[in-house]
Amino acid sequence: MTTIETPAAIQTFIEATNRGDAEAFAAAFTHDANLNDWGREYHGRDGVRDWDRTDNIGVQAHFELDAIEPGSSSDTYVATLTVTGNGHNGTGPMTFHLRDGLIASLRITP
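Given the structure is predicted, the values throughout are model-derived calculations rather than measurements. (Residues numbered from 1 in each chain as written. Predicted model: local features only at pLDDT ≥ 70, side-chain atom pairs only at ≥ 80, totals over all residues. Heavy atoms only, no water.)

## Some remarks on the nonpolar core
Item 1. One finds Phe13, Phe25, Phe29, Met94, Phe96, Ile103 and Leu106 to be the most contacted residues of the largest nonpolar core, which totals 28 residues.
Item 2. Looking at this core, the elements that each hand over two or more residues are helix 1 (8-19), helix 2 (22-27), strand 1 (29-37), helix 3 (44-55), strand 3 (62-70), strand 4 (76-84), strand 5 (90-99) and strand 6 (102-108).
Item 3. For this core, the element with the most residues is helix 1, which contributes five residues.
Item 4. Sequence-distant contacts of phenylalanine 29, defined by excluding residues within four places in its chain, comprise Phe13, Leu35, Arg45, Val48, Leu102, Ile103 and Leu106. (Core = buried A, V, L, I, M, F, W, Y, C linked by side-chain atoms within 4.5 Å. Buried < 20%, exposed > 50% of the residue type's maximum accessible area, 1.4 Å probe, protein only. Helix = DSSP H or I, 4+ residues; strand = E, 2+ residues; numbered from the N terminus. Contact = heavy atoms within 4.5 Å.)

See the structure below:
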């Protein structure tokens, strides 16, 4: 169950992944974005593209949004996603920080 309206950038993150659209996926992030996947760090849109190739669209990931809540600070959201595909599978939180309508930071934790 979703508890608040899903911000456009997070909706784009999910939809672009599910349709395999790498360009739309990368465009959902700021040029200086930071992505932390269980401690592995990726920086900027090039880093996001690298992660996308190895851990997301590149392994046919599919996201199902289970819930989304406001985070601990302004423009921060915690989305609980179920992930399936040929890579990591499971359900867990992803913490998004948005800036200017794009994803400035994404932290994926176990």
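## Some points on the side chain of threonine 76
Item 1. Structurally, threonine 76 is set in strand 4.
Item 2. When sequence neighbours within four positions are dropped, the list of residues in contact with threonine 76 reads Glu69, Pro70, Gly71, Thr95, Phe96 and His97.

## Details of the layout of surface pockets
Unoccupied space between atoms shows up once a probe the size of one water molecule is rolled over them.
Item 1. Space inside the largest pocket adds up to approximately 310 Å³.
Item 2. Residue lining of the largest pocket: 24 residues in total, with Asp37, Val83, His88, Met94 and Ile108 positioned closest to the centre.
Item 3. Those elements that provide at least two residues to the lining of the largest pocket are helix 3, strand 4 and strand 5.
Item 4. A total of five residues in the lining of the largest pocket trace back to one element, the largest contributor, which is strand 5. (1 Å grid on protein atoms, 1.4 Å probe; cavity = no way out; pocket = protein on both sides within 12 Å on 5 of 7 lines; lining within 4 Å. Points joined across faces, edges and corners; volume = space filled by probe spheres on them.)

## With respect to the packing of aromatic side chains
Describing an aromatic ring pair means giving the distance of the ring centres and the angle of the ring planes.
Item 1. Evaluated as defined, the whole model comprises six aromatic pairs.
Item 2. For the ring pair phenylalanine 25 and phenylalanine 29, a centre distance of 5.4 Å and an interplane angle of 55° mean the geometry is tilted. Like phenylalanine 29, phenylalanine 25 is buried.
Item 3. Here phenylalanine 25 and tryptophan 51 contribute two aromatic rings whose centre-to-centre distance is 6.1 Å and whose plane-to-plane angle is 25°, an arrangement assigned as stacked. On the criterion of sequence distance, the pair formed by phenylalanine 25 in helix 2 and tryptophan 51 in helix 3 is long-range, its members being 26 residues apart. Neither phenylalanine 25 nor tryptophan 51 differs from the other in exposure class; each is buried.
Item 4. Ring-pair connections join several aromatic residues into one group, and the members of that group are Phe13, Phe25, Phe29, Trp51, Phe63 and Phe96. (Phe/Tyr/Trp six-rings, centres within 6.5 Å; stacked < 30°, edge-to-face > 60°.)

## Looking at unusual backbone geometry
Item 1. A positive phi angle, close to 55°, is found at tryptophan 38, a residue other than glycine.
Item 2. Inspection of the secondary structure assignment puts tryptophan 38 in the loop between strand 1 and strand 2 (40-43).
Item 3. At aspartate 75, a position not held by glycine, the phi torsion is positive, near 65°.
Item 4. Checked against the element boundaries, aspartate 75 lands in the loop between strand 3 and strand 4.

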